[in-house]
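# Coordinates in review
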Amino acid sequence: MKKDCVFIYSEDFLRYKFHDAHPFNQLRVKLTYDLLRAMNALEDEQIIEPRIATDEELALIHDQTYIEAVKAAGKGQLPEHTALNYGLGTEDTPIFPNMHEASALLVGSTLTAVDYVLSGKAKHALSLGGGLHHGFRGKASGFCVYNDSAVAIKYIQEKYGLRVLYVDTDAHHGDGVQWAFYDDPNVCTFSIHETGRYLFPGTGNINERGHGAGYGYSFNIPVDAFTEDESWLDAYTQALREIADFFRPDVILTQNGADAHYYDPLTHLSLTMKTYREIPKLAHQIAHEYCDGRWIAVGGGGYDIWRVVPRAWAFIWLEMTEQSNVSGKLPETWLKKWQSLSPIPLPQEWDDPESLYPPIPRKAEITEKNAQTVEKALYLIRSQRQQTNGYQSNHF
C-alpha cells in the first residue's frame, strides 16, 4: 500500500444535511469510509481531519454578502424573499441549521487536501466531502451552498501559483467551476456529463469554450441519455488524454460524481462499475505524466448511496494507493453492518452483473452521436495540432 496518500475525513461531514427526504445524503461518505476500513485498505495514519475554511478563503470565489446571507440563514435570521434571491430555501437547496459551518467544513476539507499535496506531504489526496460544483459567486444551486472546487482552484493559484486541470465526471455539468474560470487561461475545465437537454443544469454544450483570454480552455462533452460504459469511456479517454497534452497542467483536480450509474435515481445514463474502475486509473496516469503525481480528488453527485457510491468512491482510493485489483465479494463485515439500515438489498460484489439492465435499443445511434460530440469538442485542439504539424513539415 502506498503511504504518500491522504484521506480527508470527519464524521461532521454528515452535518451537511438538508432533511431526511432530500436526495443529497452525506452518509455515503461514511459508507465509503467504512467499506475501505472493513477491507483494511485505509490506515489510521492516512486519515486526516479537515479544517473549516475561513471567510477570507470562501471570499476567493463567493461574495461576502452571500457568505453573510448563508450565516444568517443557518441561524433562522434570513427573510424568505431575501433567501430566495440567494438560491437558499429552494426545493433543491433548503435551509438547515448551521448551514454555513457545515458548508465551510466541506470547503475546508478540499483545502486540506490541496495543502497536503502541494506542500509535498502527499502525492495524492481524496476528500469525498467535497465536489459541490454548482455553487456560484453569490447564489446556491443544485444542492451546493459553497463551491469547494472553485475555491480550491483559486486558492491554488493564489498560494502556489500553479496551473490547474479540473476534470468533472459527474452526470451533471460542472457549471459553477466552469463559469468561475471561464476567462482564465491558467485553469482548464473539462466536464463530461449527460446532455443538458434532459438534465439540470441545462448547460455544458460543446460551444462553451471560454471567453477572452480563457477561450479554448473550457471543454464539454455532453453525452446522450442512456450512454453505456464503452461509449462513455471512449469519450472520456480520448478527451482527457488530448486535453492534458494540450494544457500540460501543474496539478489535476478531479470531481468524481457517481451519478452516471444506471441505478442513480436522478439521471438517465447507463454506466456500471466498469466505468468507475477506469475513471481514477486515467486520472492517476495523467497526474504522473504531467503533474509530478499531484492529484487532488473530491466527491460530487451520487444518489444511490447504498448500491453505487461506496463502491465507486472506494475505487478512487484503491487506485491512489495501488490496491485497485480488488474483485469478488465485498467484505462480509460491511454487508452485515449496513444491510439492516439499507432500504434495498446491498450489492454482494465489487462488480455489477453483466445483465444489470435490458439492452439499450438505440445503442449504435447513441455511440455514433457521442463520437461526433467528441470530435466537435476537441476540434480546436486537433486543428491547432494540424497547423503546428504543417508548419513543422514545411520547415524540414
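Residues numbered from 1 in each chain as written. Predicted model: local features only at pLDDT ≥ 70, side-chain atom pairs only at ≥ 80, totals over all residues. Heavy atoms only, no water.

### What about the packing of aromatic side chains?
All told, the structure shown has 24 aromatic pairs when counted by the stated rule. Plain terms: the ring middles of Tyr16 and Phe18 are 5.3 Å apart, the flat faces sit at 75° to each other, and that makes the pair edge-to-face. Residue classification places Tyr16 among the buried positions, given a relative accessible area of 1%. Here Phe18 falls in the buried class, since its relative accessible area comes to 6%. Their ring planes at 45° and their centres at 5.4 Å tell us that Phe315 and Trp350 sit as a pair that is tilted. Of the two residues, Phe315 sits in helix H10 (residues 309-320) while Trp350 sits in the loop between helix H11 (332-339) and helix H12 (363-377), which places them 35 residues apart along the sequence. You'll find Phe315 and Trp350 in the same group, each marked buried. Feature note: the residues Tyr16, Phe18, Phe24, Phe96, Phe143 and Tyr303 constitute an aromatic cluster, connected by ring pairs. Taking the ring centre of Tyr116 as reference, the NZ or CZ of Lys121 above it sits at 5.0 Å. (Phe/Tyr/Trp six-rings, centres within 6.5 Å; stacked < 30°, edge-to-face > 60°. Buried < 20%, exposed > 50% of the residue type's maximum accessible area, 1.4 Å probe, protein only. Helix = DSSP H or I, 4+ residues; strand = E, 2+ residues; numbered from the N terminus. Lys NZ or Arg CZ within 6 Å of the ring centre and 35° of its normal.)

### Side note on the sheet that holds strand E4 (residues 164-168)
One open sheet holds the eight strands; their spatial order is E2-E1-E3-E8-E7-E4-E5-E6, and the pairing between them is parallel. Only two strands of the sheet have a single partner each, and these edge strands are strand E2 (47-48) and strand E6 (218-223). Most of the contacts of helix H5 (residues 99-118) go to strand E3 (residues 124-127), to which it runs at about 175°, and overall it touches strand E1 (5-8), E2, E3, strand E7 (251-255) and strand E8 (295-298). On the sheet, H10 packs against E1, E3 and E8 and is oriented at approximately 165° with respect to E3. (Pairing = 2+ DSSP bridges. Contact = heavy atoms within 4.5 Å. Axes fitted to C-alpha atoms, helices over the stretch in contact; angles between N-to-C directions.)

### Observations regarding H5
Since the α-helix packs 3.6 residues into each turn, any two residues three or four apart lie on the same face. Between its first and last C-alpha atoms H5 spans 29 Å; for 20 residues at 1.5 Å apiece the expected length is 28 Å, and the two agree. A large share of H5 lies buried, amounting to 18 of its 20 residues. Within two residues after H5, Gly120 carries a phi angle of roughly 90°, on the positive side. (Expected span 1.5 Å × (residues − 1).)

### Notes on the environment of Ile344
Relative to the helices and strands, Ile344 resides in the loop between H11 and H12. Separated by 37 residues in sequence, Ile344 and Arg307 have C-alpha atoms that sit 8.3 Å apart. Non-local contacts of Ile344, meaning those with residues more than four positions away in its chain, are made with Asp304, Trp306, Arg307 and Gln339.

### What to know about the pattern of salt bridges
On inspection of all chains with the given rule, the structure shows 24 salt bridges. Ionic pairing is found between Asp224 and Arg197, a salt bridge with its closest N-O pair at 2.9 Å. In this pair, Asp224 sits in the loop between E6 and helix H8 (229-247) while Arg197 sits in the loop between strand E5 (187-194) and E6, placing the two residues 27 residues apart along the sequence. For Asp304, the salt bridge goes to Arg307, with nearest N and O atoms at 2.8 Å. Take Asp304: its relative accessible area is 6%, and that puts it in the buried class. With a relative accessible area of 22%, Arg307 lands in the partly exposed category. Among the charged side chains, a network of salt bridges with common partners joins Arg197, Asp224, Arg362, Glu365 and Lys369. (Salt bridge = Lys/Arg side-chain N within 4 Å of Asp/Glu carboxyl O.)

### A word on the UniProt feature "domain: Histone deacetylase" (unreviewed entry) in the chain
Per the UniProt record, "domain: Histone deacetylase" (unreviewed entry) is annotated on residues 22-317. A distance of 27 Å separates the end C-alpha atoms of residues 22-317, which is 40% helix and 11% strand. (UniProt positions renumbered as here; feature names shortened; annotations may be inferred.)

### Here we look at the side chain of Asp175
Within the secondary structure, Asp175 is located in helix H7 (residues 175-180). The side chain of Asp175 is buried and forms no salt bridge, while Lys139, the nearest opposite charge, is found at 10 Å. In this structure the side chain of Asp175 is engaged in a polar contact, spanning 2.7 Å, whose partner is the side chain of His134. Non-local contacts of Asp175, meaning those with residues more than four positions away in its chain, are made with His133, His134, Phe136, Pro201 and Thr203. (Lys, Arg positive; Asp, Glu negative; His and termini not counted. Polar contact = N/O pair within 3.5 Å; in protein donor to acceptor, adjacent residues only side chain to side chain.)

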